[in-house]
Amino acid sequence: MNTYIITIGRQLGSGGKELGEHLSRRLSIPCYDKELIQLASQKSGLGKEFFEKADEKGRYSFFENYFGFRSGYMGSNAGNYLCNETLFKIQSEIIKNLSEKESCIFVGRCADYILRNHPHCLHVFVCANPTDRVRRIMQDNRISKKEAQALIEQGDKKRADYYNYYSNKLWGVAASYDLCINSSVFGIERIGDILEEYVRKKFLSGD
């Protein structure tokens, strides 16, 4: 059986993570999201806090970008500096290694750009209507409507900055992906149907 990769970019509150988990169950392949932080920590020997701190950050100030994490975050390694680009490189290597070994799903992390030369990839971006996004965030985080709206604004900006900075493409713009789809219109189940059909015809048909 041919291996293949699905990458999912998503607006905050659109259900992109839920879609990844849904497809993982349907297709019986692993879905990597926050798990990549743990894998990057294990590979590098660095604590998870370094990757959590850099996770989906965008353009940093000159000094933070140049020097990385200051010695106050380095614990027993005080005086050493780790550039955020180095953290991104470690995570990118893990994504590439996993994609060479198995079919899998990656949520976020610029995976579509990192795997832009992979021959069997489907790159998806999930959006949703503002009302549905706010409702999902309110439910998931048990916060007020105002807090949810603020979280969405901050989250989208962070994701866009991160993606635009590392990929030299534009986050959420149709030209950056194979398929952009609105979960408010189709729902997670129906999107799962569409993507599974695509995968089976494109990657598993043997044509």
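Everything discussed here concerns the structure shown above.
Residues numbered from 1 in each chain as written. Predicted model: local features only at pLDDT ≥ 70, side-chain atom pairs only at ≥ 80, totals over all residues. Heavy atoms only, no water.

Chemist: Can you help me understand helix α5 (residues 84-101) in this one?
Modeler: Note that an α-helix has 3.6 residues per turn; residues three or four places apart therefore point the same way. In this model α5 runs 26 Å from its N-terminal to its C-terminal C-alpha over 18 residues, within 8% of the 26 Å that 1.5 Å per residue would give. Residues N84, L87, F88, I90, Q91, S92, I94, I95, L98 and S99 constitute the buried set of α5. (Helix = DSSP H or I, 4+ residues; strand = E, 2+ residues; numbered from the N terminus. Expected span 1.5 Å × (residues − 1). Buried < 20%, exposed > 50% of the residue type's maximum accessible area, 1.4 Å probe, protein only.)

Chemist: Just checking my understanding: could you explain the pairing of strand β4 (residues 121-127) for this structure?
Modeler: Both faces of the sheet carry side chains from a regular strand, because those side chains alternate between them. Counting buried residues along β4, six of its seven residues qualify, which places the element largely inside the surrounding structure. Taken together, the six bridges between strand β1 (residues 5-10) and β4 define a ladder with parallel strand orientation. Following the sheet pairing, G9 is matched in β4 by F125. Here four bridges tie β4 to strand β5 (residues 179-182), and the two strands are oriented parallel to one another. Bridge pairing links V126 to I181 in β5. (Pairing = 2+ DSSP bridges.)

Chemist: What's the story with unusual backbone geometry in this structure? I'm lost.
Modeler: Most peptide bonds take the trans configuration, and most residues that are not glycine carry a negative phi. A positive phi is found at C110, a non-glycine position, where the angle reads about 60 degrees. Within the element layout of this structure, C110 appears in the loop between β3 (104-107) and α6 (111-114). Of note, N168 is a non-glycine position whose phi angle comes to about 60 degrees, a positive value. Tracing the chain through its elements places N168 in the loop between α8 (145-167) and β5. The exposure class of N168 is exposed, given its relative accessible area of 66%.

Chemist: For this particular structure, what's the right way to read the side chain of D156?
Modeler: Its location among the elements puts D156 in helix α8. Ignoring any residue separated from it by four or fewer positions in sequence, one finds D156 in contact with Q11, L12, R133 and W171. (Contact = heavy atoms within 4.5 Å.)

Chemist: Which parts of the structure should I look at to understand the nonpolar core?
Modeler: Looking at soluble globular proteins, one finds that nonpolar side chains tend to be buried together. By size, the foremost hydrophobic cluster in this structure holds 23 residues, and its most contacted members are L36, I95, F106, C110 and L115. Going through the elements one at a time, α2 (35-44), α5, β3, α6, β4 and α8 are the ones with two or more residues in this core. Considering each element in turn, this core owes the most residues, five residues, to α5. Leave out the neighbours within four places in its chain, and L115 touches I5, T7, I95, K96, S99, F106, C121 and H123. Ranked by size, the runner-up nonpolar core spans 19 residues in total, among them L19, L23, V107 and V126. (Core = buried A, V, L, I, M, F, W, Y, C linked by side-chain atoms within 4.5 Å.)

Chemist: Please clarify how the sheet that holds β3 should be interpreted in this entry.
Modeler: Whenever strands of a sheet pair, they do so through backbone hydrogen bonds, lying parallel or antiparallel. If you walk across this open sheet you meet the five strands as β2-β3-β1-β4-β5, and the pairing is parallel. Looking at the sheet topology across the chains shown, the edges are occupied by β2 (31-32) and β5. The strands that α5 touches are β1, β2 and β3; relative to β3, the one it contacts most, it runs at about 160 degrees. (Axes fitted to C-alpha atoms, helices over the stretch in contact; angles between N-to-C directions.)

Chemist: Is there a simple way to think about the environment of G15 in this case?
Modeler: Considering the arrangement of structural elements, one finds G15 in the loop between β1 and α1 (16-27). Sequence separation of G15 and V126 is 111 residues, and the distance between their C-alpha atoms is 7.5 Å.

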